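Residue-level listing of the chains:
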Amino acid sequence: MEFLRDADIDPAPLAGKRVAILGYGNQGRAQALNLKDSGIDVVVGLRGGSGSTNEAEGAGLTTALLEEAVASADVVMMLAPDEIHAALYGEVEPRLRKGVALGFSHGLSVRFGFVQPRADLDVFLVAPKGPGTALRSLYKQGKGMIAVWAVEQDATGMAKHIALAYGRAIGSGRAGLIASSFAEEAEADLFNEQAVVWGAVPELLIAGFDTLVAGGVSPELAYLECVGELKLIADLIEARGIAGMREVISNTAELGALLGGKRIVDASVRQRMAEVLSEVRAGRFAAELKQEEADGYKRLEQARAENRRTLLESTYQRLSAAEN
Ligand SMILES: NC(=O)c1ccc[n+]([C@@H]2O[C@H](COP(=O)([O-])OP(=O)(O)OC[C@H]3O[C@@H](n4cnc5c(N)ncnc54)[C@H](OP(=O)(O)O)[C@@H]3O)[C@@H](O)[C@H]2O)c1
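Along every chain, residues carry numbers that run from 1 in the direction the sequence is written. Selection of residues for local features in this predicted model requires a pLDDT of at least 70, selection of side-chain atom pairs for listing and counting requires 80 or more, and totals for whole chains, interfaces and linings are taken over all residues. Here the side-chain values reflect all heavy atoms present in the structure, with hydrogen atoms and water set aside.

## A word on the packing of aromatic side chains
Aromatic rings from Phe, Tyr and Trp, with only the six-membered ring used for Trp, were paired whenever their centres fell within 6.5 Å, and each pair was classed as stacked if the ring planes differed by under 30 degrees, edge-to-face if by over 60, and tilted otherwise. By the definition in use, this model includes 4 aromatic pairs. A centroid spacing of 6.0 Å and a plane angle of 75 degrees characterise the contact between F104 and F182, whose relative ring orientation is edge-to-face. Linking F104 in strand β6 (residues 101–104) with F182 in helix α8 (residues 182–195), this pair joins segments that are 78 residues apart in sequence. Note on accessibility: F104 and F182 belong to one class, buried. With a centroid separation of 6.2 Å and an interplanar angle of 35 degrees, the aromatic rings of Y223 and Y316 are classed as tilted. Remark: Y316 occurs in helix α16 (residues 311–323) and Y223 occurs in helix α10 (residues 219–228); sequence separation between them is 93 residues. Residue burial is assigned from relative accessible area. The probe radius is 1.4 Å, only protein chains are included, and a residue is buried under 20% of its type maximum, exposed over 50%, and partly exposed in between. The exposure class of Y223 is buried, given its relative accessible area of 12%. An aromatic cluster of three or more residues is present, and its members are F209, Y223 and Y316. Two thresholds decide whether a charge sits over a ring: the Lys NZ or Arg CZ must be within 6 Å of the ring centre and within 35 degrees of the ring normal. Lying over the aromatic face of Y139, R174 brings its terminal NZ or CZ to 4.2 Å of the ring centre. Per the convention used, a helix needs a DSSP run of H or I reaching at least four residues, while a strand needs a run of E reaching at least two, with both numbered from the N terminus.

Listed below in C-alpha cells is the structure:
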C-alpha cells in the first residue's frame, strides 16, 4: 500500500490557489485553520445568518456567503453534513468555475449519487481518519492525522496532485496519506460505523452492563468493569496491536478473553456483519440517511433522549461527579 508523507508530496499545486471550505463544523473548522496555518489562502463559505460566522472570523479566517466563497475558489471542500451535500451542491454548482477541484472528506455523497459533479471538475477525497478536534490538536503539536485520499474525476490532469497537496496542508502528510477510492472509503466507513466501533462496541458495553446489574452487581462496579476499561484496551491496542495487547494483560484476563471472545462474537455475528456490508454496498444506509434528514432527524432525536434516561447514563453521571 502506498503510504505518502510530506517528503513525497509537492505542495506547489495549492500555491497561490484559493480554497473555499463549505461548513465550519467538526471538520470544517479544523481543516480551515490547518490550511491557514500552512499558508493557504482560505475562505469559509457559510449560509446566510450562520451562527458560525463570528467564530470563524474570531479565529482569524475570512468568511463569505456560500455562493461568493465558491465563485472565488480554485478548490471547494464540501464540509457540511453528508445528507445535505445534494442540496448544497445544487446551490453552489452554478457558481463553480470551470476546472475547479471539488473535495470531500467522506466518499458517501459521491459513491451513493447524492452529488453528481459536473464533468469539467476535478473530484477528490481527503478523509482524515478521526474527528476534527484531533486533526487540529495534532497539527498544533507538529503532528498529523492519517488520511485516506482518492480521485473520482480528473478533468484537468491535476486532481491527484491537488488532493495530495491538500492532505499535506491539513497536516496529514506528517502521519501518512493512504490511496483508496470513494467507494472503498465510503463503504468501509459506513460498515465500521454500524458493525464495529460506533455501532456494535457501545451496544456490547451496554449489554454487559445490563447483564451484570441484572445479576445483582452494583451499577457503579458494572460500569467500571464493562465501560470504564474500554480506554485501557484502546490505549494498549494503539500502542502494541491486538496480539501485543493480549501478551501484556494478566494470564487470567488473557484466558478469559480466549474462552469468551469467540463465544460472544461467533459465526452468527460475522454473518450479520457480512449482511451489513452488503446492505451498505446496495445503498440501503444512504437511503436511510436521506430519509432521516427529510424527517427532521426525529429518530435520532428520540434515540438521544432515550439514551440520556438510562441507568447506565445516570451511573456515568454519578461516577464522573465523584471523580471530579
Ligand atoms: N465529524 C467527523 O469526525 C468527521 C471525520 C471525518 C470525515 N468527516 C466528514 O466531514 C464532512 C463534514 O462533517 P462534520 O461532522 O464536520 O459536519 P458538521 O460538523 O455537522 O458540519 C456543520 C457545518 O455544516 C453547516 N451546514 C449544516 N447544514 C447546512 C446547510 N443546509 N447549508 C449550508 N451549511 C450547512 C453548518 O452551518 P452553520 O454553521 O450555519 O450551522 C456548520 O458550519 C462530512 O462529509 C463527514 O462525513 C467528518
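The structure having been displayed, the exposition proceeds.
## Some remarks on the environment of E275
With respect to the helices and strands, E275 occurs in helix α13 (residues 267–281). Of the residues examined, E275 reaches a relative accessible area of 36% and is grouped as partly exposed. It is 46 Å that separates the C-alpha atoms of E275 and G39, two residues lying 236 residues apart in sequence.

## Regarding unusual backbone geometry
Unusually for a residue other than glycine, Y297 sits at a positive phi of about 60 degrees. The residue Y297 is located in the loop between α14 (284–294) and α15 (298–308) in this model. Take Y297: its relative accessible area is 25%, and that puts it in the partly exposed class.

## Let's talk about the site of the ligand
The immediate surroundings of the ligand are formed by 20 residues, with Y24, Q27, S50, S52 and D82 found nearest. One nitrogen or oxygen atom from the main chain of Y24 is found 2.7 Å from an oxygen atom belonging to the ligand. Between N or O atoms, a polar contact is any pair within 3.5 Å; within protein, one atom must be a potential hydrogen donor and the other a potential acceptor, and residues adjacent in sequence are included only when both atoms are from side chains. In the model, an oxygen atom of the ligand is placed 2.9 Å from a nitrogen or oxygen of the N26 main chain. Each accessible area value is a Shrake-Rupley result obtained with a 1.4 Å probe; residue values ignore everything except the protein chains displayed when judging cover. Relative to its unbound accessible area of 900 Å², the ligand is 73% covered by the protein chains. As a working rule, the residues Ala, Val, Leu, Ile, Met, Phe, Trp, Tyr, Cys and Pro are called nonpolar, Asp, Glu, Lys and Arg charged, and the rest polar, with Gly in that last group. A breakdown of the residues in the shell around the ligand according to their chemical character gives 8 nonpolar, 10 polar and 2 charged. The cutoff for a nearby residue is simple: one of its non-hydrogen atoms must lie within 4 Å of the molecule or strand.

## Side note on the nonpolar core
Here, nonpolar core refers to any group of buried Ala, Val, Leu, Ile, Met, Phe, Trp, Tyr and Cys residues whose side-chain atoms link them within 4.5 Å. Counting 38 residues, the largest nonpolar core has L22, V76, M78, F104 and F112 as its most contacted members. No other element matches the 5 residues that α8 contributes to this core. Beyond its immediate sequence surroundings of up to four residues, V76 is in contact with A20, L22, V70, L96, V100, A101, L102 and G103. With 34 residues, the next largest nonpolar core counts L14, V19, I40 and A101 among its residues. Note on contacts: a residue pair is in contact if any heavy atoms of the two residues lie within 4.5 Å.

## Let's talk about the sheet that holds β6
Strands pair, by our definition, only if DSSP identifies at least two bridges between them. Spatial ordering of the open sheet is given by β1-β9-β8-β7-β6-β5-β2-β3-β4, a layout of 9 strands whose pairing is mixed. Only two strands of the sheet have a single partner each, and these edge strands are β1 (3–4) and β4 (62–65). Note that strand β8 (residues 147–153) and strand β9 (residues 177–179) share 3 bridges and pair parallel. Residue pairing in the sheet places A147 in a bridge with L177 of β9. The axes are straight lines fitted to the C-alpha atoms, using for helices just the contacting stretch, and the angles between their N-to-C directions are given from 0 to 180°. In the packing of helix α4 (residues 85–92) onto the sheet, the strands contacted are β2 (18–22), β5 (75–78) and β6, and the crossing angle to β5 comes to about 155 degrees.

## Considering a nonpolar patch on the surface
The patches described consist of residues with a relative accessible area above 30% and no salt bridge, like charges being joined within 9 Å and nonpolar side chains (Val, Leu, Ile, Met, Phe, Trp, Tyr) within 5 Å. Think of a salt bridge as a Lys or Arg side-chain nitrogen and an Asp or Glu carboxyl oxygen that are within 4 Å of each other. Taken together, the side chains of L230, I233, I237 and I242 present a nonpolar region at the surface, about 290 Å² in accessible area. Here I237 lies in helix α11 (residues 230–248). Taking the relative accessible area as the measure of exposure, I237 reaches 32% and is therefore partly exposed.

## Some points on α4
Within α4, the full set of buried residues consists of H85, L88, Y89 and V92. An end-on view of α4 places all buried positions within 95 degrees of arc, on one side of the element. Structurally, α4 contributes buried residues whose contacts are with β2, α3 (66–71), β5, β6 and α5 (108–111). Comment: arc refers to directions from the helix axis out to C-beta atoms.

## Considerations on the side chain of T315
Structurally, T315 can be placed in helix α16. Overall, T315 belongs to the buried group, its relative accessible area being 0%. If we skip the residues at most four places from it in the chain, T315 touches F209, P219, E220 and Y223.

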